[in-house]
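# Examination of the molecular architecture
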Amino acid sequence: MKILVCISNVPDTTTKITFTPDNKAFNKAGVQFIINPYDELALTKALELNEAAGGGTVTVIHVGAADTEANLRKALAVGADDAVRIDAEPTDAFFVANEIAAYAKDKGFDIIFTGRESIDYNGGQVGGMIAELLDLPMVNVINSISLQGNAATIERDIDGGREVVSVDTPFVVSAQKELTEPRIPNMRGIMMARSKPLQVIAPAAAEKRTEISQYQAPQSKAGCKFIDAAEAETLIQLLHNEAKVI
Amino acid sequence: MRTDNYQHPDHYLLDELLTEEHKLVRDAVRSWVKKELSPIIEDYAQRAEFPKHILKGLGSIGAFGPSLPVEYGCGGMDQISYGIIMQELERCDSGIRSTASVQGSLVMYPIYKYGSEEQRRKYLPKLASGELMGCFGLTEPDFGSNPGGMVTNFKDMGDHYLLNGAKMWISNAPFADIAVVWAKNEAGKIHGLIVERGMPGFSTPETHGKWSLRASATGELVFDNVKVPKENLLPNVSGLKGPMGCLDSARYGIAWGALGAAMDCYDSAKNYSIERIQFDKPIGGFQLTQKKLAEMLTEITKAQLLTWRLGVLKNEDRASTAQISMAKRNNVEIALQIAREARQIHGGMGITGEYPIMRHMMNLESVVTYEGTHDIHLLITGMDITGISAFR
């Protein structure tokens, strides 16, 4: 299979999120960026599918500035064959989806993987938009995928159960947690990543359609109070008078 | 044990001295450690058992002989990457780092450096993957700091060598498939021999009752008229410089590793000092706690610089034995001090397995003694200054 995996750069999960003084931008100073964890699962599954089939290629693609290349190099170390960076700020989902679709449209990818959402903005829109722009079927938030020739059998959670979907290549899918375990690069992979191609291409003409006008940090959570089991009366009083929930 | 949220301190922005690849190596090993080692290490240390099931994982991540050439199944990485791997492993536990140090620096390195091409091809790929495990026999019951006095010996019997003697304090011995053994020939010259498990007369009794490196297997190597095939002699070295060359490589890794243990103690103490409330405020708000933390971070920062510079010199093949000695001695010493101060910050919790402090502290009591004792390393520096040996 010829597989394209879309990689997004997100702040490390332990990052303390702050904004610029005018609350118009995320404060990137001192923040460590990682590959979006759902995209890591997508990458690992893409590699597993090709390993099971005994061949194929995995290309990773990312829309972002040069300072994101370390994470593309990591994707190569994990096992991707080549990487593409579209040299532009990923301003909104429509812009990113257009850039990726413009790259992918004449490349003949059998499968395009995204994560179910990025863990920073949680939009979950890029995969669906790519499918629409390329006129491909999409199966969203998948739990498992297996291939028999060009036919894929995909499982996904639905309310109160599970759905089994059949779809022929080419198609777009988005990965969620149950799909696989993320792969940690080994030393040999890191060494080999040095010589794998990382292509930087200029962005296609595309517009962004949304603008973030302001950020607000959530209110800090109140501290927990521990009430001794023997003092149920105090607990009831606090729930009545302080938390006002009963 | 608590969730492992370790983050290394970087007060002087020394990450800027590392390449993206170094950081990727660190990130990869740290992820592996948090996933595979941190959740189990305390339990194995408490039970004084080596977690043998991790060997395959250590092999597949590339922790065995990472700086040896790719053509032998190794990583082909630079010396700083090797150091970082040792640091991330010892950040979790010195015993696990010891297993990787022994395999990479004391077994694979001599086979690569002093072995024949046949020996390299036969052993190195399997040692790199963890399919074969090795140990290193130099120290004897009566010859520790003075290895040149060893009594283990081999005689040329025409079609084989006959090996007799015993080695002590050997990491990995109880489960190792092969041992790189240093012994004297009939002329009193030291040579290296590869002894394989299963050779009649070769046994590896385990050392029990350790209060240190409890998650690492230590044992003896006993040779009772062991017939060693002649092709198992390492052909390209003779004399004490053979084992000493290996020790330079291992001690270099220990300098990085011990600093890892120190940083783990600091990280845990720093977090605990913010969480632990006494007299209505975090104990990190009291001067005596801040003094401890500030001194820890100062020593860690100095050691980070020393170690990074040593890595650069090692990459350029310019790191001297004396320079490696200084870093090993310094880093283990500050790690021990930091472990003790961190233990105090953790109060009573510091003596439990809930936190890694006491395990690090006990482990470091071995690390300060093995691979050249604290005092011998001081005398190596003394000899480097004056040109006069104070230990011979």
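First things first, this report covers the structure right here in the doc.

## Quick word on the packing of aromatic side chains
If you walk through the whole model with that rule in mind, you get 14 aromatic pairs over all chains. A centroid spacing of 6.3 Å and a plane angle of 35° characterise the contact between Y103(A) and F109(A), whose relative ring orientation is tilted. Across the pair, exposure class does not vary: Y103(A) and F109(A) are buried alike. Plain terms: the ring middles of Y252(B) and W256(B) are 6.4 Å apart, the flat faces sit at 70° to each other, and that makes the pair edge-to-face. Here W256(B) and Y252(B) lie together in helix α6 (residues 241–275), a separation of four residues that amounts to about one turn. Across this residue pair, the class does not change: Y252(B) and W256(B) are buried. Put simply, the rings of Y109(B), Y114(B), F136(B) and W182(B) touch in pairs and so form one group of aromatic residues. Of note, K2(A) hangs over the ring of F109(A), and the distance from its end group to the ring centre comes to 5.0 Å. The ring of F94(A) has R209(A) sitting right over it, with the charged end atom 3.9 Å from the ring centre.

## A word on the pairing of strand β1 (residues 2–6) of chain A
Residue and element names in this part refer to chain A. Among the five residues in β1, four count as buried, and that is most of the element. When β1 meets strand β4 (residues 57–63), the two strands line up parallel, connected through five bridges. Bridge pairing in β4 links K2 to T57. Examined bridge by bridge, β1 and strand β6 (residues 111–115) share three bridges and lie parallel to one another. Each residue of the ladder has a partner; that of I3, found in β6, is I111.

## Overview of the nonpolar core
Side chains that are nonpolar tend, in soluble globular proteins, to be buried together. Core analysis: the largest hydrophobic core is formed by 104 residues, its most contacted members being V5(A), F113(A), L89(B), I111(B) and W182(B). Ranked by the residues each element gives to this core, the list is headed by helix α1 (residues 20–46) of chain B, at eleven residues.

## Some points on a nonpolar patch on the surface
Residue and element names in this part refer to chain A. A cluster of nonpolar side chains, namely I236, V245 and I246, defines an oily patch on the protein surface of about 290 Å² accessible area. In this structure, V245 sits in the segment after α6 (232–241). By relative accessible area, which is 57% here, V245 ends up exposed.

## Examining the interface of chain A and chain B
In this assembly, 14 residues from chain A lie in contact with 22 residues from chain B. For the pair chain A and chain B, the summed buried area comes to about 1400 Å², and 65% of that belongs to carbon and sulfur atoms. Linking chain A with chain B are three salt bridges. Applying the counting rule to chain A against chain B returns five residue pairs in polar contact (both at pLDDT 80 or more). Mapped onto the side of chain A that touches chain B, the elements with two or more residues apiece are α2 (69–78) and α5 (187–193) of chain A.

## With respect to the sheet that holds strand β10 (residues 161–168) of chain A
Residues and elements named next belong to chain A. In spatial order, the strands read β8-β9-β10; together these three strands make up an open sheet with antiparallel pairing. Either end of the sheet is taken by a strand with one partner, and the two such strands are β8 (144–148) and β10. Ignoring which end each strand starts from, the neighbouring axes of this sheet average 20° apart. Pairing analysis gives eight bridges linking strand β9 (residues 151–158) to β10, with the strands arranged antiparallel. Across the sheet, I154 pairs through a bridge with V165, a residue of β10.

Definitions and cut-offs
- Residues numbered from 1 in each chain as written.
- Chains lettered and ligands numbered in written order.
- Predicted model: local features only at pLDDT ≥ 70, side-chain atom pairs only at ≥ 80, totals over all residues.
- Heavy atoms only, no water.
- Phe/Tyr/Trp six-rings, centres within 6.5 Å; stacked < 30°, edge-to-face > 60°.
- Buried < 20%, exposed > 50% of the residue type's maximum accessible area, 1.4 Å probe, protein only.
- Helix = DSSP H or I, 4+ residues; strand = E, 2+ residues; numbered from the N terminus.
- Lys NZ or Arg CZ within 6 Å of the ring centre and 35° of its normal.
- Pairing = 2+ DSSP bridges.
- Core = buried A, V, L, I, M, F, W, Y, C linked by side-chain atoms within 4.5 Å.
- Patch = residues over 30% accessible without salt bridge, like charges linked within 9 Å, V, L, I, M, F, W, Y side chains within 5 Å.
- Areas by Shrake-Rupley, 256 points an atom, 1.4 Å probe, with all protein chains shown as cover.
- Salt bridge = Lys/Arg side-chain N within 4 Å of Asp/Glu carboxyl O.
- Contact = heavy atoms within 4.5 Å.
- Buried area = accessible area lost by both parts, 1.4 Å probe.
- Polar contact = N/O pair within 3.5 Å; in protein donor to acceptor, adjacent residues only side chain to side chain.
- Axes fitted to C-alpha atoms, helices over the stretch in contact; angles between N-to-C directions.

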